[in-house]
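Each chain, letter by letter, is given below.
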Amino acid sequence: MISAAARRIAAAATTSTTTHSRTYAMASSAPKRAYEDGRSYRFKKQQKKEQVAGKPDGTHEEVLLKDITALLQKHSLNEQSEVEEKLPEPFSEIDVTVDEISSTGDGLARLPGSRQIYVVPFTAPGDKVKAKVIRHFPKNGYTTADFVSVVEPSPQRDDSLIRCPYFASCSGCQFQMLPYAAQLAHKKTIVEKAYKNFSDLPPELVPAVGETIGSPLQYGYRTKLTPHFDGPPGMKRSDGRNGIKRHFEAVPPIGFMKKGTRHTMDIEDCPIGTDAVRMGMKRERARVAAELGRYTKGATLLLRESTKRLPKDPAPAPRDDAILEDRGTHFHEKTCVTDPNGTTTEFIDDYQFSNPAGAFFQNNNSILSPFTQYVRSHILPPSPTTTTTATPTAPSQNTTPIQHLIDAYSGSGLFTITLSPLFPSSLGIDISATSIASASQNAALNALSPTHASFLAADAAHLFASITSPAAETAVVIDPPRKGCDDSFLRQLLRYSPARVLYVSCNVHTQARDVGVLVSGMKGVDAGFGVGEGAYEIESVRGFDFFPQTGHVEGVAVLRRREEGAVKGVEVEVEVEKEADAAAQLVPEVQKEA
């Protein structure tokens, strides 16, 4: 068994790259790097101090360094050499061959005869590419570089799949040159490596990761984009204090960040946005140009899709500012909302959700139906005939039916509402009073009474203080922000010890870290098996591709509470083919790549 102290120690991540990008950025083919005094902006404020050993944060730098270290070890390149290697000069161009794609989406490449790993974006395994050297990190054995061109494409690379003229310059999309099946396979490895590198669990406690569930749409799926433009040239932070107002002499670039810099690229269109969002983007760009005299500083534009469900009879009249979709029994009229205080509406099957346009809600509506179906099918215990155990366990004594749902980090009620048919009572908890107000409104929109689905605003430090449902009769869904769960929440969750936990995460690395704590235990916490002992076994782990063409993958981990007196083990699914078939039925046939 892993000690509590060992669980809390993570490999220190030393100096590494700082990537400046926006979640909503797309890509471009402009000059490959803008320089400031001969150096990239991302290194001007480089954090020099080493991260102290402790709880890993699952940052880009930590994840990249784990992958680089593994590749160095694989090729025995981490062994000390008596002769110091002479590395290429910064900003020189070299030809390298890509070994693999890291979990950050960047290619990890090698130069013949070199012991250094070169981190090159927009590449595929097996590619031979020309890259521009940017910065060396000799202590960690790697160098950051810019992609320049393909010298010899690998069999995995298919540039005919690329649909965006800005691809390979901006940081939004990394994988447009990869067939979708290859993207899904890579994202499975991201989840696998996350649990290997960040859970601190022995392999026998982590089940085989399921195949990644793909998005029904690989382009035209994104329901929210936030392009921006910078302030007038010469603008300084001190201008306001000094009473200086600067004005634009020309329309600035409106779009997203160039890869690795703080330079905004002018992006006229974004093919991963929905048709309504792309229509809104054109209108907003024209509006900013027409109203440029009103702006004295930069701004971020909101583009958010909103859907109105209309009957077939009478048929709605077409509108210039809307997209009309025939959904068989009804129409969906889709528009783009640009006011953050406006209201947007989305439908997931027959569930309706209305939220402030500027508030958080999942940005790929096309996958939400299979995603919520999957959560519904896994929140309750599986049939005892479909699983067996690899390690001997005591016969199951838990026949108590699960009657209650707790949706922690509930936001505007996505899981509380879509899971409500399975439970007599559902409670959503969130720290944000605004989110709770939206969730209560959404419950009413879906004809759920307050006795069936209720919501509570509570501070994370006291999240479980008002819970009265018996733990043995309760399932908990958690969907925290990227940083994962803090220690206070994990401590409360272990002490409460519900029968089942379903953990949804937009950062599989912090998810793996937190799941490791729930399985192995937490110092000073008694979850019913002794102080410091864990309370859970992992039933399944799987990725969902919410953002095709990017390096992002959403993780879903299902945990069940250990039986009293049971030996810690992993449940292995017997009918793997049957489980894979069931998962495949969640998603319509993947659209063919153009």
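Rules and cut-offs
Residues numbered from 1 in each chain as written. Predicted model: local features only at pLDDT ≥ 70, side-chain atom pairs only at ≥ 80, totals over all residues. Heavy atoms only, no water. Salt bridge = Lys/Arg side-chain N within 4 Å of Asp/Glu carboxyl O. Helix = DSSP H or I, 4+ residues; strand = E, 2+ residues; numbered from the N terminus. Buried < 20%, exposed > 50% of the residue type's maximum accessible area, 1.4 Å probe, protein only. UniProt positions renumbered as here; feature names shortened; annotations may be inferred. Contact = heavy atoms within 4.5 Å. Polar contact = N/O pair within 3.5 Å; in protein donor to acceptor, adjacent residues only side chain to side chain.

Under an unreviewed UniProt entry, the name given to the protein chain is TRAM domain-containing protein, and the organism recorded is Aplosporella prunicola CBS 121167.

Asks: Could you clarify how one ought to interpret the pattern of salt bridges in this entry?
Replies: Oppositely charged side chains can form a pair if their charged atoms are brought close together. Under the defined criterion, the tally for this structure stands at 23 salt bridges. Of the charged contacts, one joins Asp545 and Lys187 as a salt bridge, the two residues approaching to 2.5 Å between their closest N and O atoms. Remark: Lys187 occurs in helix 3 (residues 180-198) and Asp545 occurs in the loop between strand 22 (536-544) and strand 23 (554-561); sequence separation between them is 358 residues. Both residues of the pair, Asp545 and Lys187, belong to the buried class. Put simply, Arg560 and Glu537 hold a salt bridge, and the shortest N to O gap is 3.2 Å. With a gap of 23 residues between them, Arg560 in strand 23 and Glu537 in strand 22 connect regions that are remote in the sequence. The two residues Arg560 and Glu537 agree in class, both being buried. It is possible to trace a salt-bridge network through shared partners that takes in Glu284, Arg287, Glu291 and Arg294.

Asks: When you look at the UniProt feature "binding site: S-adenosyl-L-methionine" (unreviewed entry) in the protein chain in this model, what are you seeing that I'm missing?
Replies: UniProt records the feature "binding site: S-adenosyl-L-methionine" (unreviewed entry) at Gln362, Tyr409, Asp430 and Asp479, using the numbering of this structure. Structurally, Asp430 is set in strand 18 (residues 425-430). Given the relative accessible area of 10%, Asp430 is considered buried. Beyond its immediate chain neighbours, meaning those up to four positions away, Asp430 contacts Tyr409, Ser410, Gly411, Ser435, Ile436, Leu456, Ala457 and Ala458. In terms of polar contacts, Asp430 uses its side chain to reach the backbone amide nitrogen of Ser410, at 3.4 Å. Along the chain, Asp479 falls in the loop between strand 20 (474-478) and helix 8 (487-496). We classify Asp479 as buried; its relative accessible area is 16%. Setting aside residues no more than four positions away along its own chain, Asp479 makes contact with Gln362, Ala408, Tyr409, Phe415, Val504 and Ser505.

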